[in-house]
Amino acid sequence: MSIINTIPEITFIAGTTYIIDFTFADANGSPADLRNGVWTFRMARYGETTHVLSKSYAIPNSATAVYTVQVTLNSSDTLGLSGVYSHQSTLEYNGNGVLYKPAQGIMHILPAIQ
């Protein structure tokens, strides 16, 4: 049995700000150092492959290791959306051109009641 969705399901109301924290580990479960990488968060309607939102972040090559990244879904990002969406993260280390897809999950966006 394989695990497809590695992140707990998320539920929030459209048009609200929502913050998601991601902590990355290597295959042995040790924290993965993300310095000098590019992390991208994408979400698409569940079952579809075209994203409706994409955010990329360059992770600086700092003096201390970076193990977590955070995406902020601003109210304008989800205004007018509702339904079930899948989200995936990709990570490119050190500009090597290899994209890793370490995490994905499901989010439920509830319509805002007017």
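Residues numbered from 1 in each chain as written. Predicted model: local features only at pLDDT ≥ 70, side-chain atom pairs only at ≥ 80, totals over all residues. Heavy atoms only, no water.

A. Representation of the overall build of the chain. Per the secondary structure count, the chain includes one helix and seven strands. Along the first, second and third principal axes, the C-alpha set of the chain runs to 50 × 35 × 20 Å. Counting only residues that meet the buried cut, the chain has 31% of its 114 residues in that class. Long-range pairs, those at least 24 residues apart, make up 66% of the contacts in the chain between residues at least 6 apart in sequence. Carbon and sulfur atoms make up 53% of the accessible area of the chain, which amounts to about 7,000 Å² in all. Of the charged side chains in the chain, 5 are positive and 7 negative, and the gap between their average positions amounts to 6 Å. (Helix = DSSP H or I, 4+ residues; strand = E, 2+ residues; numbered from the N terminus. Buried < 20%, exposed > 50% of the residue type's maximum accessible area, 1.4 Å probe, protein only. Contact = heavy atoms within 4.5 Å. Areas by Shrake-Rupley, 256 points an atom, 1.4 Å probe, with all protein chains shown as cover. Lys, Arg positive; Asp, Glu negative; His and termini not counted. Charge placed at Lys NZ, Arg CZ, Asp CG, Glu CD.)

B. Quick peek at the sheet that holds strand β3 (residues 37-45). Ordered by their spatial adjacency, five strands build an open sheet running β1-β7-β6-β3-β4, and the pairing between neighbours is mixed. Because the sheet does not close on itself, it has two edges, and the strands there are β1 (10-13) and β4 (51-59). Strand-to-strand, the axes of this sheet are offset by a mean angle of 25 degrees, without reference to chain direction. Where β3 and strand β6 (residues 83-93) come together, nine bridges link them in antiparallel fashion. Paired with G37 across the bridge in β6 is Y93. (Pairing = 2+ DSSP bridges. Axes fitted to C-alpha atoms, helices over the stretch in contact; angles between N-to-C directions.)

C. Looking closely at the side chain of S89. Its location among the elements puts S89 in strand β6. Judged by relative accessible area, S89 falls into the buried class, the value being 1%. Only 3.3 Å separates the side chain of S89 from the side chain of W39, close enough to count as a polar contact. The contact partners of S89, leaving out residues within four places of it in the chain, are F22, W39, T40, F41, Y100, K101, P102 and A103. (Polar contact = N/O pair within 3.5 Å; in protein donor to acceptor, adjacent residues only side chain to side chain.)

D. Spotlight on the packing of aromatic side chains. Summed over all chains, the structure comprises five aromatic pairs. On the numbers, 5.3 Å between centres and 55 degrees between planes, the contact of F22 with W39 is tilted. Of this pair, F22 sits in strand β2 (residues 18-23) while W39 is found in strand β3, placing the two residues 17 residues apart along the sequence. A relative accessible area of 4% places F22 in the buried class. Taken together, a centroid distance of 6.4 Å and an interplanar angle of 45 degrees make the contact between W39 and F41 tilted. The same class applies to W39 and to F41, which are both buried. Aromatic ring contacts, followed pair by pair, group F22, W39, F41 and Y57 into a single cluster. (Phe/Tyr/Trp six-rings, centres within 6.5 Å; stacked < 30°, edge-to-face > 60°.)

E. Inspection of the environment of F12 at higher detail. Counting through the fold element by element, F12 comes out in strand β1. The sequence separation of F12 and L79 amounts to 67 residues, and the corresponding C-alpha distance is 12 Å. Contact partners of F12, with chain neighbours within four places excluded, come to Y18, L73, T78, M107, H108, I109 and L110.

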